[in-house]
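Next come the chains, spelled out residue by residue.
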Amino acid sequence: AAPNNMWAPRHSMVVLSFSGRMWVLSGVTSSAERVRASDADFVQDVWSSSDGVDWTRVAFSPPWANRRAVVGTVYQLRMFVLAESRYYRYYYNVWGSGNGIDWTEPMEACSVTGQPLGAALVMQSGMVVVAGADSLARDLSVRFWVTQEI
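Residue numbers run consecutively from 1 along every chain, following the written order of its sequence. Selection of residues for local features in this predicted model requires a pLDDT of at least 70, selection of side-chain atom pairs for listing and counting requires 80 or more, and totals for whole chains, interfaces and linings are taken over all residues. The basis for every side-chain value is the complete set of non-hydrogen atoms in the structure, without hydrogens or water.

Undergrad: So what's going on with the overall build of the protein? Which residues, and what values?
TA: When helices and strands are counted, the protein shows 0 helices and 10 strands. Secondary structure follows DSSP: runs of H or I at least 4 residues long count as helices, runs of E at least 2 residues long count as strands, and numbering of each begins at the N terminus. Each helix and strand of the protein, placed in order from N terminus to C terminus, yields the pattern β-β-β-β-β-β-β-β-β-β. Pairs of residues are marked as contacts when any of their non-hydrogen atoms sit within 4.5 Å. Contacts in the protein between residues far apart in sequence, at least 24 positions, make up 43% of those at least 6 positions apart. Per element, the accessible surface of the protein, about 7,800 Å² overall, is 51% carbon and sulfur. Values of accessible area rely on a 1.4 Å probe in the Shrake-Rupley scheme; residue burial ignores everything except the protein chains shown.

Undergrad: Which residues make up the side chain of aspartate 41, and what values do they have?
TA: For aspartate 41, the location among the structural elements is in the loop between strand E2 (21-28) and strand E3 (42-49). In this scheme, a residue with accessible area under 20% of its type's maximum is buried, one over 50% is exposed, and one in between is partly exposed, where area comes from a 1.4 Å probe on protein chains only. With relative accessibility at 16%, the residue aspartate 41 sits in the buried group. In contact with aspartate 41, other than residues within four places in its own chain, are Gly27, Val28, Thr29 and Ser30.

Undergrad: Pulling in residues and values, what's your account of the pairing of strand E1 (residues 14-18)?
TA: Within a regular strand, side chains alternate between the sheet's two faces. Only one face of E1 is buried, namely the one carrying Val14, Leu16 and Phe18, since none of Val15 and Ser17 on the opposite face is buried. Across 5 bridges, the pairing between E1 and E2 is antiparallel. Bridge pairing links phenylalanine 18 to arginine 21 in E2. Here, strands pair whenever DSSP counts at least two bridges between them. Count of turn residues in the E1/E2 antiparallel hairpin: 2 residues, of which serine 19 carries a positive phi of about 55°.

Undergrad: Would you mind going over the sheet that holds E2 in detail, with residue names and values included?
TA: Read from one edge to the other, the open sheet built from 4 strands follows the order E1-E2-E3-E4, with strand pairing classed as antiparallel. Edge strands, defined here as strands with exactly one partner in the open sheet, are E1 and strand E4 (56-59). Going across the sheet, the axis of each strand differs from the next one's by a mean of 30°, ignoring polarity. Taken together, the 6 bridges between E2 and E3 define a ladder with antiparallel strand orientation. Angular values range over 0 to 180 degrees, each being the angle between N-to-C directions of two axes fitted as lines to C-alpha atoms, with helices fitted over their stretch in contact.

Here's what the structure looks like:
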């Protein structure tokens, strides 16, 4: 079936499954490389669907405006967006929401700095964030950040 009211085609977005729904957060709408994308190419919205056909925009301007969301995960009954980037400048803030509409920064910034984040996952020890390097980085080391308190 063709999607209804669907979000604009994009890349570099966060896609999550949370509370029986699919979620699409932020992204870049142009086919331009990230370093060449203009401000108008960065979208700042949150979309949700229970079936993948009918989509609803639940947030028009989440607090990480005009950056592509890099890493997202679900932890302790909340969605999290961690560290966004824009033009290869990395922001290490952590945003959480239980409903996709209201977003807060529940903690200090993610302590993995200086590198793009590669993944976020949940284990018994808490939320784990793994940082790596992108094609412009000379430091190929891997760093981890683990939190239990949110």
